[in-house]
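As a plain string of letters, each chain reads:
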Amino acid sequence: MTVTRFAPSPTGYLHVGNLRTALFNYLIARKAGGTFILRLDDTDPERSKPEYADAIMEDLEWLGLTWDRVERQSTRLARYEDAAQELRDKGRFYECFETPTELDLKRKKQLNMGKPPVYDRAALKLTEEEKEKLRAERGNGVWRFLLNHERIEWDDGILGPLSIDAASVSDPVLIRADGQFLYTLASVCDDVDFGITDVVRGSDHVTNTATQIQIIEALGGTVPRFAHHSLLTGPQGEALSKRLGTLALRDLREQGVEPMALLSLMARLGSSQPVELRLSMDEIIEGFDLSTFGAAPTKFDVNDLFPLTAHYLSQLPYDAVADKLRAAGVPDESAGAFWNVVRENITTMQDIEGWWALCREGAEPLVDEEDAEMVSTAMDLLPEPPFSAETWGQWTAQVKEATGRKGKGLFMPLRKALTGMDHGPDMSALMPLLQKVRR
Ligand code: GLU
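This structure is a prediction, so every number in the text was calculated from the model and none was measured.

Requested: an account of the side chain of Thr 184, with residues and values cited.
Structurally, the position occupied by Thr 184 is in helix α6 (residues 183–193). Taking the relative accessible area as the measure of exposure, Thr 184 reaches 10% and is therefore buried. The residues contacting Thr 184, other than those within four sequence positions of it, are Leu 174, Thr 211, Gln 212 and Ile 215.

Here it is, written out as structure tokens:
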């Protein structure tokens, strides 16, 4: 049974980078008919906010990334305490009292000597009396997990066989001096207890994975299959980390990006398979293959979402948008015809408003000087609305006759006069929807 999880910390809004992680884990679970858990990593009481947790759920729901269960780390502190005790009992956990300044000094010395800045385990040598004394002076220490100095190996689902020398990594701190459990311990306990079989996350977690494998083994758990996806960069390969704040899923939603456009892009970007618009989640699940993703940083351009959104909307049947059209004020009796006319001429659903305003109120005519006379003749020949499907053909034939204009020189000025634009839907189909013409 496949069990995956998406484990955001509710300390901010989800962005496109988080979405990649969420989506991959979701797709793995769904493709295998397994379970997808939403795990809120909320052990930090200061930074975790219920409104962010709500926003995360809202964003996932918007995308249709439904979870089977929610778990909150803040409710599992007793379990983490037990795990900590187990590690103490097994001699894999030790208390350290260095101040941040002392640690910093150690690191600088090591770097000066050309050594990797790995914690020197000085605290392991402290006697009980020394620890008592330090505790009395400095308060409780932090707790570090004692890594076994050996190579930690796993077959990464994206990066392939990986091997990290544990001696090149500091013993990770799992409990802070104020007693707060850190993510690494909580995450390991949860992955073990929830029977997580597959973990996909960003490649910034590769070192965490190495240490987590040892902690899982120390706690007698089964190590999941790990895969680390590359991090997203901007279109020129620039780091996205600082800009991710502006790429929040809710901002994309505000801008009119459609879920299927976003999902279609994210399920393929960075893989050897082409990005293709998918019209349903089932198709995305069907076509997903983790092994096609590469290790190279993945370029993401937010502008790619708009053509995909437009393409998606152009394929939507009226039924799928009836509610939105009603909300935009399009009366039901015209809505079907209106949708068929405009759906290939919008980028997002927000463009509907402009088209409907045109139908209802007409547009300020756009008339080039050289067409002024011809347009004026044409307007005299145009009957009053309502128009029919034949109006455009009949009218343009009359204008052609009267002015001698033909082809583009005939149709374009008339389109611009009626719509105020040089592009748009087929005019024969649009005419019956025009309730007003501004002359
Ligand atoms: N809360 C962690 C993060 O957002 C989860 C990482 C993981 O998948 O274990 O980075």
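Past the structure itself, the notes keep going.
Help me get a handle on the site of the ligand, residues and values and all.
Around the ligand sit Arg 5, Ala 7, Ser 9, Asp 41, Tyr 183, Ser 187, Arg 201 and His 205, and that is every residue in its neighbourhood. Within the side chain of Ser 9, one N or O atom sits 3.3 Å away from a nitrogen atom of the ligand. With respect to the ligand, the side chain of Asp 41 contributes an N or O atom lying 2.7 Å from a nitrogen atom. For the ligand, the protein covers 79% of the area, taking 300 Å² as the surface of the free molecule. Its residues assigned to classes, the shell around the ligand shows 2 nonpolar, 3 polar and 3 charged.

Outline the pairing of strand β3 (residues 69–72), listing residues and values.
Pairing analysis gives 4 bridges linking strand β2 (residues 35–40) to β3, with the strands arranged parallel. Paired with Leu 38 across the two strands is Val 70, which belongs to β3. For the crossover that starts at β2, traverses helix α2 (residues 50–63) and ends in the parallel β3, the hand is right-handed.

Which residues make up the packing of aromatic side chains, and what values go with them?
A full pass over the atoms with the stated rule returns 11 aromatic pairs. Relative to Trp 143, the ring of Phe 93 lies with its centre 5.4 Å away and its plane at 40°, an arrangement referred to as tilted. One end of the pair, Phe 93, is in strand β4 (residues 93–96); the other, Trp 143, is in strand β5 (residues 142–145), and 50 residues separate them in sequence. Judged by relative accessible area, Phe 93 falls into the buried class, the value being 7%. Judged by relative accessible area, which is 17%, Trp 143 ranks as buried. Between Phe 338 and Trp 356, the aromatic rings sit 5.2 Å apart at their centres with planes inclined by 80°, giving edge-to-face as the arrangement. With Phe 338 in helix α13 (residues 332–342) and Trp 356 in helix α14 (residues 352–361), this residue pair connects regions lying 18 residues apart in the sequence.

Give me the nonpolar core: which residues, what numbers.
Across soluble globular proteins, nonpolar side chains have a tendency to be buried as a group. Core analysis: the largest hydrophobic core is formed by 89 residues, its most contacted members being Val 16, Leu 65, Leu 262, Phe 300, Phe 338, Trp 339 and Leu 418. Excluding anything up to four places from it in sequence, Leu 418 contacts Leu 358, Ala 363, Met 379, Leu 382, Trp 392, Trp 395, Met 427, Met 431, Leu 434 and Val 437. Within the second largest apolar cluster, 33 residues are counted, among which are Ala 83, Ile 152, Leu 174 and Phe 181.

Outline the sheet that holds β4, listing residues and values.
Taking strand neighbours across the sheet as the criterion, the 3 strands line up as β4-β5-β8 in an open arrangement whose pairing is antiparallel. Of all the strands in the sheet, just β4 and β8 (173–175) have a single pairing partner and so form its edges. The sheet shows a mean angle of 45° between the axes of neighbouring strands, taken without regard to direction. When β5 meets β8, the two strands line up antiparallel, connected through 2 bridges. Note that in β8 the partner of Trp 143 across the bridge is Ile 175.

Describe in detail the pattern of salt bridges, supporting the description with residues and values.
Taken as a whole, this structure holds 36 salt bridges when the rule is applied. Across the pair Glu 137 and Lys 133 runs a salt bridge whose closest N-O atoms are separated by 3.5 Å. Of the two residues, Glu 137 and Lys 133 are both situated in helix α5 (residues 128–138); the distance of 4 residues between them amounts to about one turn of the helix. For the pair shown, Glu 137 and Lys 133 are each scored as exposed. Each of Arg 5, Arg 39, Asp 41, Arg 76, Arg 79, Asp 190, Asp 191 and Asp 193 takes part in a single network of salt bridges with overlapping partners.

Any details on the packing of helix α16 (residues 391–403) against helix α17 (residues 408–419)? Residues and values, ideally.
Orientation of α16 relative to α17, taken along the N-to-C sense of each, is 120°, at an axis distance of 11 Å. By the angle between their axes, α16 is oblique relative to α17. Regarding α16 and α17, the two cross each other, and that crossing is right-handed. Residue-level inspection shows Trp 392, Trp 395, Thr 396, Val 399 and Lys 400 of α16 in contact with α17, the latter providing Leu 410, Phe 411, Leu 414, Arg 415 and Leu 418.

So, the side chain of Ser 264: which residues are in play, and what are the values?
Along the polypeptide, Ser 264 turns up in helix α9 (residues 259–266). What makes Ser 264 buried here is its relative accessible area of 1%. Within polar-contact distance, the side chain of Ser 264 engages the backbone nitrogen of Arg 278 at 2.9 Å. When neighbours within four sequence positions are excluded, Ser 264 is seen to be in contact with Val 275, Glu 276, Leu 277, Arg 278 and Ile 284.

Could you give me a rundown of the pairing of strand β10 (residues 225–229), with the residues and numbers involved?
Counting buried residues along β10, 4 of its 5 residues qualify, which places the element largely inside the surrounding structure. Alignment of strand β9 (residues 198–202) against β10, held across 5 bridges, turns out to be parallel. Bridged to Val 199 within β10 is Phe 226.

Can you tell me about the environment of Asp 156, naming the residues and giving the values?
One can find Asp 156 in strand β6 (residues 151–156). Take Asp 156: its relative accessible area is 4%, and that puts it in the buried class. Through-space distance from the C-alpha of Asp 156 to that of Ala 417 is 61 Å; in sequence the pair is 261 residues apart. Setting aside residues up to four positions removed in sequence, Asp 156 forms contacts with Pro 161, Leu 162, Phe 226, Ala 227 and His 228. Engagement of the side chain of Asp 156 in a polar contact is seen with the backbone nitrogen of Ile 158, the distance being 2.9 Å.

Give a detailed account of helix α1 (residues 16–31), specifying residues and quantitative values.
Here α1 contains 16 residues, and its C-alpha end-to-end distance of 22 Å stays within 8% of the 22 Å for a straight helix at 1.5 Å per residue. Most of α1 is tucked away, with 13 of its 16 residues classed as buried. Note on α1: the residue one or two positions beyond its end, Gly 33, has a positive phi of about 65°.

Definitions and limits used
- Residues numbered from 1 in each chain as written.
- Predicted model: local features only at pLDDT ≥ 70, side-chain atom pairs only at ≥ 80, totals over all residues.
- Heavy atoms only, no water.
- Helix = DSSP H or I, 4+ residues; strand = E, 2+ residues; numbered from the N terminus.
- Buried < 20%, exposed > 50% of the residue type's maximum accessible area, 1.4 Å probe, protein only.
- Contact = heavy atoms within 4.5 Å.
- Near = heavy atom within 4 Å.
- Polar contact = N/O pair within 3.5 Å; in protein donor to acceptor, adjacent residues only side chain to side chain.
- Areas by Shrake-Rupley, 256 points an atom, 1.4 Å probe, with all protein chains shown as cover.
- Nonpolar A, V, L, I, M, F, W, Y, C, P; charged D, E, K, R; others polar.
- Pairing = 2+ DSSP bridges.
- Right-handed = clockwise from strand over helix to strand, strands pointing away.
- Phe/Tyr/Trp six-rings, centres within 6.5 Å; stacked < 30°, edge-to-face > 60°.
- Core = buried A, V, L, I, M, F, W, Y, C linked by side-chain atoms within 4.5 Å.
- Axes fitted to C-alpha atoms, helices over the stretch in contact; angles between N-to-C directions.
- Salt bridge = Lys/Arg side-chain N within 4 Å of Asp/Glu carboxyl O.
- Parallel < 35°, antiparallel > 145°, perpendicular 65-115°, else oblique.
- Left-handed = near helix turned anticlockwise from the far one by under 90°.
- Expected span 1.5 Å × (residues − 1).

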